[in-house]
Amino acid sequence: MRPSGRKTDQMRKVSFERNFSKHAEGSCLVKFGDTHVLVTASLEEKTPPWLRNSGKGWVTAEYGMLPRSTNERMKREAASGKQGGRTQEIQRLIGRSLRAVVDLQALGERQISIDCDVIQADGGTRTASITGAWIALHDCLKWMESRNMLKVEKVLKDHIAAISCGIFANQPVIDLDYLEDSSAETDANFVITGSGGIVEIQGTAEGKPFSEEEFLTLLGLAKAGCAELVEMQKQAIA
């Protein structure tokens, strides 16, 4: 029995609130249960120096947790003068995931910066960030399209969504909250496109190794979960 009472294949309640920030070209407040992340997409008329004169654009991401997003106040990373390894790893994952479904040539020599700020954390902050970031990116590109800034219509090649899965109390489950995540025997994150392509899988056993059969069960849960999230994205932007 899961602490939340959910079935093994049941995700938490998911919601997307578009245009949450009036200043950003694209924004979305995404909620996976009690995990809430504010995602903004900001357009910059420049690229990283190594992409100059290439004709290609770039999508990058930054991620952070607000001091009281957790049970106890966390120090701002800016106060220590550097980002932690976990933060860097997550924001690189978000950037890679989004670039997998963007035609960077069609974007032109511009950069879209995605900022993911965790307001409240209850497990799955990186997967919520990726799923909500797709909507913020979509709306930023629509903003550009309405101003005739894009030469082609389809800069976004596909949807992208992410979900966590794991083995908790000897059962494969989807969308782990903090109680499950903190005591799971196996914890994994899956990033999957709308057409079913796998962009990234992160999986770790905590003590007891997991079998190939268990992995395939987790993959099946993740594919079904991401397909459901993509349908929610489609409804949100309709």
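Rules behind the numbers
- Residues numbered from 1 in each chain as written.
- Predicted model: local features only at pLDDT ≥ 70, side-chain atom pairs only at ≥ 80, totals over all residues.
- Heavy atoms only, no water.
- Helix = DSSP H or I, 4+ residues; strand = E, 2+ residues; numbered from the N terminus.
- Buried < 20%, exposed > 50% of the residue type's maximum accessible area, 1.4 Å probe, protein only.
- Polar contact = N/O pair within 3.5 Å; in protein donor to acceptor, adjacent residues only side chain to side chain.
- UniProt positions renumbered as here; feature names shortened; annotations may be inferred.
- Pairing = 2+ DSSP bridges.
- Axes fitted to C-alpha atoms, helices over the stretch in contact; angles between N-to-C directions.
- Contact = heavy atoms within 4.5 Å.

Draft legend 1. Local environment of unusual backbone geometry. You will see that asparagine 19, though not glycine, has its phi angle at about 55 degrees, which is positive. Following the sequence through the fold, asparagine 19 ends up in the loop between strand S1 (14–18) and strand S2 (26–32). For aspartate 175, which is not glycine, the phi torsion reads 55 degrees and is therefore positive. Residue position: aspartate 175 is located in the loop between strand S7 (171–174) and helix H5 (178–181).

Draft legend 2. Molecular detail of the side chain of glutamine 233. Structurally, glutamine 233 is set in helix H6 (residues 212–237). Given the relative accessible area of 0%, glutamine 233 is considered buried. A polar atom in the side chain of glutamine 233 sits 2.9 Å from the side chain of histidine 159.

Draft legend 3. The arrangement of the UniProt feature "domain: Exoribonuclease phosphorolytic" (unreviewed entry) in the protein in detail. What UniProt calls "domain: Exoribonuclease phosphorolytic" (unreviewed entry) maps, in this numbering, to residues 10–140 and 160–224. End C-alpha to end C-alpha, residues 10–140 measures 31 Å, and it is 30% helix and 31% strand. In residues 160–224, helix accounts for 26% and strand for 45%; the two terminal C-alpha atoms are 13 Å from one another.

Draft legend 4. Structural view of the sheet that holds strand S4 (residues 58–65). As summarised here, the arrangement of the five strands in space is S1-S2-S3-S5-S4, forming an open sheet in which the pairing is mixed. Because the sheet does not close on itself, it has two edges, and the strands there are S1 and S4. Within this sheet the neighbouring strands show an average axis-to-axis angle of 20 degrees, counted without direction. One ladder, built from seven bridges, connects S2 with strand S3 (residues 35–44); its direction is antiparallel. Counterpart to leucine 29 in the pairing with S3 is leucine 38. Its contacts with the sheet place helix H2 (residues 85–99) against S4 and strand S5 (111–120), and it is angled at close to 145 degrees to S4.

Draft legend 5. Representation of the environment of isoleucine 192 within the structure. Note that isoleucine 192 resides in strand S8 (residues 186–193). Spatially, the C-alpha atoms of isoleucine 192 and asparagine 19 are 24 Å apart, while their sequence positions differ by 173 residues. When sequence neighbours within four positions are dropped, the list of residues in contact with isoleucine 192 reads His159, Ile160, Ala161, Gly197, Ala222, Lys223 and Cys226.

Draft legend 6. Structural view of the sheet that holds strand S6 (residues 160–168). Read across the sheet, four strands follow the order S7-S6-S8-S9 without closing on themselves; strand pairing throughout is antiparallel. At either margin of the open sheet sits one strand with a lone partner, and together these are S7 and strand S9 (198–205). The average undirected angle you get between the axes of adjacent strands in this sheet is 15 degrees. Alignment of S6 against S7, held across four bridges, turns out to be antiparallel. Directly across from cysteine 165, in S7, lies its bridge partner isoleucine 174. Running over the sheet, helix H4 (residues 125–146) touches S6, S8 and S9 and is turned about 160 degrees from S6. Relative to S6, H6 is tilted by about 145 degrees, and along the sheet it contacts S6, S7, S8 and S9.

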